[in-house]
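# Remarks on the overall topology
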Amino acid sequence: MATFGPTKPFPAGFLWGVSTAAHQCEGNNRNNQWWEWEAAGKTRSGERSGLACDWWNKAEDDFDIARDMGLNALRFSVEWSRIEPRPGEWDRDAIQRYRQMLAGLHQRGLRPFVCLHHFSNPLWFENTGAFLHPDCVARFERFARKVVEELGDLCSDWLTFNEPNVYSVLGYQLGEFPPGQKGKLIRSIRVLANMARAHARAYEAIHQIQPGANVGWTQNYIVFQPVDDASPINQLACGVQSYFYNDIFTDFIHRGCTRSYIQPFCGKTADIQGKTDFAGVNVYGRVHVGLSIRRPATLFADVHIPMDMPQGDQPIGLPFPEITPGSITAIVEHIAKLGKPVYVLENGVPDRSDRIRPWLLANTVNEMRDLIARGIDLRGYFHWTLTDNFEWNQGWHLRFGLVELDPETQQRRLRPSARLYGEIARSNGAVEDGVLAEPEPENKVATKTQ
Ligand code: BGC
């Protein structure tokens, strides 16, 4: 029994997709900083990406699964280190492989969204300072131009960056991502400012080459909840987290600047303003924040996840946001104020046994239906992710796939959620009542920042 009435349907053409990323799926990406990080034994799980999902050879097998599920869109990223293995040198075979993948998506009725940068850098770029190098903006623009010149006849939806906030915070403040630096707050803000400039230059370049392109980026948003609503000091700690994590990059693009006490570290950013065609959001959930003077690296916030909500796989080290109904609504409302069409470009849960993923999917769909009914221009939903893939620092420890993967044998098996999401996509948003009930919070483990 579907829960929606004819007054609240999803619009025709709403995109039901999945999101993926090159380094997490392709396998054997040996020429980027993540491969080195893994080889040096620096992932939390000690694991390496290896063959990943073997997409460099066989992405089309997974595209078949997405088509058979009834999806109509798929987001993937191109691997800079394959396309430009040395500065200014282009690899024809890599470009050809991406052309083949894009053609394969079109043949299967899947609209491609292509992201130019999803956390991985070519070694030559990383080893010369990445987004702190004085030429980083020009280097990224050169890469963006090349990709759009080569692939533009097969794609017109582009993301410049995936989650610049995660890249800068995990790489320069928390040390969880390469280059593994800790507590470098100002450096991480300079990285963000340079990525915003690179985004703006790539945005202009893409539009020069392809005037009708749909170009944006996607931001990871977390709902920050004070541990004690009544405490002004915790509210303050929470507000600081929320601004620094969620809003600095967005402010560069929508206002051309950040707050006056941060702007002096960023240089000129005024001409970035307005350079996006859509607002992309990656939404996972909520964390609880209290003030702690012992944690300068996290801007004096103690971040934790309480035990009372159902959770999926437990990460090693850093807490994973709590899956809470209402997160999608809070975040989409926040970003919709910017007046651009919105796409949810990632949403999911690490859940090997598929215990709470169906509940997450059903609630998310219902929240999105209400947002659209209230007039919000929400155009698509991309679940993270299609097939279990290499989860960065957590290796194979966290499983986000609608499809289960055994990385050793490369065997795939559809989880029940794959069937549910397929039904949702094929019916353009219908959800059975039964799936909406909250599962028991059986995986009760409170996690904290370490
Ligand atoms: C990233 C993905 C990642 C997912 C789950 C997002 O922040 O874009 O690459 O796998 O979260 O942690």
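Notes on the structure in this doc start here. (Residues numbered from 1 in each chain as written. Predicted model: local features only at pLDDT ≥ 70, side-chain atom pairs only at ≥ 80, totals over all residues. Heavy atoms only, no water.)

## Comments concerning the site of the ligand
Inclusion rule: Being near a molecule or strand, for a residue, means having at least one of its heavy atoms within 4 Å of it. The definition of a polar contact used here is a pair of N or O atoms within 3.5 Å, where within protein one atom must be able to donate a hydrogen and the other to accept one, and adjacent residues in sequence count solely through side-chain atom pairs. Computed by Shrake-Rupley with a 1.4 Å probe, the accessible areas treat only the displayed protein chains as cover when residues are assessed. Asp, Glu, Lys and Arg are counted as charged, while Ala, Val, Leu, Ile, Met, Phe, Trp, Tyr, Cys and Pro are counted as nonpolar; the rest, among them Gly, fall into the polar class.
Not every one of the 13 residues close to the ligand is listed here, only the nearest: Gln24, His118, Glu163, Glu391 and Trp392. Glu346 is positioned such that a nitrogen or oxygen atom in its side chain is 2.8 Å from an oxygen atom of the ligand. Within the contact set of the ligand, an oxygen atom lies 2.8 Å away from a side-chain nitrogen or oxygen of Trp392. Protein contacts shield 92% of the accessible area of the ligand, which totals 310 Å² for the unbound molecule. Taken together, the residues that form the shell around the ligand break down as six nonpolar, four polar and three charged.

## Some thoughts on the pairing of strand β2 (residues 73-77)
Stated precisely, the cut-off is as follows: For every residue, the accessible area (1.4 Å probe, protein chains only) is compared with the maximum for its type, and the residue is labelled buried under 20%, exposed over 50%, or partly exposed between those bounds. Think of it this way: any DSSP run of H or I at least four residues long counts as a helix, any run of E at least two long counts as a strand, and we number them from the N terminus. Two strands qualify as a pair provided DSSP detects at least 2 bridges between them.
With respect to burial, β2 is a largely interior element, five of its five residues being buried. Here three bridges tie strand β1 (residues 15-19) to β2, and the two strands are oriented parallel to one another. Bridge pairing in β2 links Val18 to Leu74. In the sheet, β2 pairs with strand β3 (residues 111-117) via five bridges, with the strands oriented parallel. Its bridge partner lying in β3, Arg75 is registered against Phe113.

## So, the packing of helix α7 (residues 136-151) against helix α9 (residues 185-209)
Where we set the bar: Axis lines are fitted through C-alpha atoms, for helices just across the contact stretch, and the angle between N-to-C directions can take any value from 0 to 180 degrees. Any angle that is under 35 degrees is reported as roughly parallel, and any over 145 degrees as roughly antiparallel; angles of 65 to 115 degrees are reported as roughly perpendicular and all others as oblique. Whether a crossing is left-handed or right-handed is set by the direction in which the near helix is turned from the far one by less than a right angle, anticlockwise for left-handed and clockwise for right-handed. Here a residue-residue contact requires only that any non-hydrogen atoms of the pair lie within 4.5 Å.
Remark: α7 packs on α9, axes separated minimally by 8 Å, with the N-to-C direction vectors making an angle of 30°. Classified by the angle their axes make, α7 and α9 are roughly parallel. α7 and α9 meet at a crossing whose hand is right-handed. Of α9, the residues touching α7 (which contributes Cys136, Val137, Ala138, Phe140, Glu141, Ala144, Arg145, Val148 and Glu149) are Asn194, Arg197, Ala198, Arg201, Ala202, Ala205, Ile206, Gln208 and Ile209. Residues of the contact of α7 with α9, tallied by class, amount to eleven nonpolar, two polar and five charged.

## Things to note about the pattern of salt bridges
Let me state the cut-off plainly: In the sections that follow, a salt bridge refers to a side-chain nitrogen of Lys or Arg positioned within 4 Å of a carboxyl oxygen of Asp or Glu.
Tallying each qualifying case throughout the model produces 26 salt bridges. One salt bridge in this structure joins Arg99 and Asp153, with 2.8 Å as the shortest N-O distance. On the criterion of sequence distance, the pair formed by Arg99 in helix α5 (residues 92-107) and Asp153 in the loop between α7 and β4 (157-162) is long-range, its members being 54 residues apart. The shortest N-O distance in the salt bridge between Arg286 and Glu322 comes to 3.0 Å. With Arg286 in strand β6 (residues 279-291) and Glu322 in the loop between β7 (301-305) and α11 (327-336), the pair connects residues that are 36 residues apart, well separated along the chain. Glu322 gets classed as buried once you look at its relative accessible area, which sits at 0%. Among the charged side chains, a network of salt bridges with common partners joins Asp64, Arg67, Asp68 and Arg108.

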